[in-house]
Amino acid sequence: MTSEAIDNLSREDRRFEPPADLAADANVKADAYETASADRLAFWEEQAKRLDWETPWEQVLDWSGAPFAKWFVGGRINAAYNCVDRHVEAGKGDKVAFHWVGEPEDDTRDITYAELKDEVCKAANALLELGVQSSDRVAIYMPMIPETVVAMLACARIGAPHTVVFGGFSSQALIDRIHDCDARVVITADGGYRRGEPAGLKPAVDTALEQCPDVRSVLVVRRTGQDVDWTEGRDVWWHELVDGQSAEHTPEAFDSEHPLYVMYTSGTTGKPKGILHTTGGYLVGTSYTHWAVFDLKPDTDVYWTAADIGWVTGHSYIVYGPLANGTTSVMYEGTPDTPHKGRWWEIISTYKVNILYCAPTAIRTFMKWGAEIPEKYDMSTLRVIGSVGEPINPEAYVWYRETIGGGRCPVVDTWWQTETGQIMISPLPGVTAGKPGSAMTPLPGIEAKVVDDEGNPVGNGHGGYLVLTEPWPAMLRGIWNDDERFKETYWSRFKDMYFAGDGAKLDDDGDIWLLGRVDDVMNVSGHRMSTTEIESALVSHPKVAEAAVVGANDPDTGQAVHAYVILRESAGDGGPEVVQELRDHVANEIGKIARPKSIMVVPELPKTRSGKIMRRLLRDVAENREVGDVTTLADTSIMDKISAGMQDAK
Ligand code: WT7
């Protein structure tokens, strides 16, 4: 974030108190903070009672193997049973679990808990028939359809950790993930609907599997009816294998620490990290925070996380948290502007949605489209609205609060990460006043601090690095197959503290303001990307000799990817066709979301004498600022050349 943006934040002094009626009836009151800080483990032990355990735990937390945590040690539990069966057994079988809305209009399905249970059992039986055993990994590459949830829960039910790969990722990304976690079965669909068109998924799986000989089965949902290639003996239609299975399946309880899933996320190196989440603690952390942060009333609320299941937000707050709480959720397949720009608001008014959770990048887009669009719809049912994924700028916060929340709904700005599994820092809607741009305070049971370079807590009014100082139930249990990288990435920067990679500031009241990443990780439209990962993709192109990538502030997407490349001589002078070719190459290697907004062909890159690329200077160029201190460059004239090239390009 630029110093100008930080100054703007410092001048932000608006406060919105919780509405009196919501506060009076809130699930969580102010005393929760005291209860939790008096005895943190007793607090989490209490929260664990919201789940059904086959065998109770003997110990709440075993931290003796730090930083590898064990929560609810000795407990045995089945995640799918907790998300589905127990609600049916409690007489809520007719309750809607999902109001699913396909992108094509009128393509909708309501799925009750009883139906979900049958589907999950059938899919579990199908996976068993395919030879999937507990602990085998299953890759899921799907559009936003009910079968995606069914597939995840079926895996959880039989103890096979899933790894969901976002449908927007390329076949190369799929290959890397399948290899890294050694998945033997892939669940996919022919395609999904995107902007009014069927968009294929199966072709990417076919391409990927040319390089994944160990994958023996591909289970394919028919969603769009597109033509697909078929590999006999490997590919099976979902409707042929799953639909005919028995709807009876007895869930087996697994150890609380049994792996539930692996979710890949970008780090500071080229290779995405497989973040490992396990069962008991993860369900406790997600179900508690879903209930507390959104003030969820499970019997009456309709809840909507408008995110993709391919990200952790979808895992924790479309699937596991809401279902563990027996929630009725909306799930939407498509884009917000198909077939018209009021689609989200139409969905909210149709299903009388009470709670909406989405990303600032979406809010900024809606702002650009204009308030007159949402104003056409009745959104008076909304009670609480949430934000996640990137810092929300005060203008977007206030617009969201006024235009979408009608000025009456508290905005919960929730900070967390793929690694944390659960929301960590957020206002509580019935307790905490909202300040536009601040995630406010750690939730009850969570300990976070802002520290300086030496790891000492900074005082109010000062900035530094965000750290988490005590383990929490849904925390990652490691990086798949890479214990060293886990310790190195998160636990080596500061002693005995989890280093989140975010800069933060405490205001005069001690409330937390997140300032963006302090490492080489970018945040584009709430999607996490690594500069090095995109650089590797660029360098893998035969025309590129060297590449440097920066994330520069962008009014629409938060940050945008800007690349600087040195071409090989054989590539010619780098006209617009080459630039286009390279942008497409990145989209093919990683996914469209990683496609650079700009690529500039440069004669050289700014490097220190030790050869480290000074991305800070390139960010200055991309953000149209005067270039900062160049004295540590090996060749101080290089920035003049790059800036001159930039002027020419305009
Ligand atoms: C990074 C984590 C959390 C699920 C979606 C993203 C940024 C996330 C906020 C927020 C400021 C935020 C951080 C964090 N971030 N939420 N409310 N305010 N920044 O998960 O892909 O693992 O990314 O997103 O930089 O480290 P993720």
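Values in this document were obtained by computation on a predicted structure and should not be read as measured data.

1. Description of the overall build of the chain
Then, in step 1: A count of helices and strands for the chain gives 20 helices and 30 strands.
Then, in step 2: Here the chain has a C-alpha radius of gyration of 24 Å; the compact-globule value for 650 residues is 26 Å, and the two agree.
Then, in step 3: Reported as C-alpha extents along the three principal axes, the dimensions of the chain are approximately 75 × 60 × 55 Å.
Then, in step 4: Considering the chain as a whole, with its 650 residues, one finds that 61% of them fall into the buried category.
Then, in step 5: Considering only contacts in the chain between residues 6 or more positions apart, those separated by 24 or more positions represent 71%.
Then, in step 6: For the chain, the exposed surface amounts to about 24,500 Å²; the carbon and sulfur share of it is 47%.
Then, in step 7: Across the chain, 63 positive and 99 negative side-chain charges occur, with their mean positions spaced 1 Å apart.

2. What to know about the site of the ligand
Then, in step 1: Around the ligand, the surrounding shell holds 17 residues, and the nearest of these are D413, T414, T418, D502 and R528.
Then, in step 2: Between G389 and the ligand, the recorded distance is 3.1 Å, taken from a backbone N or O atom to a nitrogen atom.
Then, in step 3: Taken by itself the ligand offers 550 Å² of open surface, and the protein chains cover 95% of this.
Then, in step 4: Here the residues of the shell around the ligand are counted per class, giving six nonpolar, six polar and five charged.

3. Concerning the sheet that holds strand β16 (residues 302-305)
Then, in step 1: Here we have seven strands laid out as an open sheet, ordered β5-β4-β17-β16-β18-β19-β20, and mixed in their pairing. Across the chains shown, the open sheet's two edge strands, defined by having one partner strand only, are β5 (108-112) and β20 (411-414). With strand direction ignored, the average angle separating the axes of adjacent strands in the sheet is 20 degrees.
Then, in step 2: Bridge count for β16 against strand β18 (residues 355-358) is three bridges, and the pairing is parallel. Bridging across to β18, W304 finds its partner in L356.
Then, in step 3: In the packing of helix α6 (residues 113-129) onto the sheet, the strands contacted are β4 (96-101) and β5, and the crossing angle to β5 comes to about 90 degrees.

4. Section: the sheet that holds strand β24 (residues 498-506)
Then, in step 1: The strand order across the open sheet formed by four strands is β21-β22-β24-β25, and the pairing between neighbours is antiparallel. Looking at which strands have only one partner, the edges of the open sheet turn out to be β21 (448-451) and β25 (512-517). Averaged over all adjacent pairs, the angle separating strand axes in this sheet is 45 degrees, with direction ignored.
Then, in step 2: Note that β24 and β25 share five bridges and pair antiparallel. Paired with K505 across the bridge in β25 is W513.

About the criteria used
- Residues numbered from 1 in each chain as written.
- Predicted model: local features only at pLDDT ≥ 70, side-chain atom pairs only at ≥ 80, totals over all residues.
- Heavy atoms only, no water.
- Helix = DSSP H or I, 4+ residues; strand = E, 2+ residues; numbered from the N terminus.
- Rg over C-alpha atoms; globule rule 2.2 N^0.38 Å.
- Buried < 20%, exposed > 50% of the residue type's maximum accessible area, 1.4 Å probe, protein only.
- Contact = heavy atoms within 4.5 Å.
- Areas by Shrake-Rupley, 256 points an atom, 1.4 Å probe, with all protein chains shown as cover.
- Lys, Arg positive; Asp, Glu negative; His and termini not counted.
- Charge placed at Lys NZ, Arg CZ, Asp CG, Glu CD.
- Near = heavy atom within 4 Å.
- Polar contact = N/O pair within 3.5 Å; in protein donor to acceptor, adjacent residues only side chain to side chain.
- Nonpolar A, V, L, I, M, F, W, Y, C, P; charged D, E, K, R; others polar.
- Pairing = 2+ DSSP bridges.
- Axes fitted to C-alpha atoms, helices over the stretch in contact; angles between N-to-C directions.

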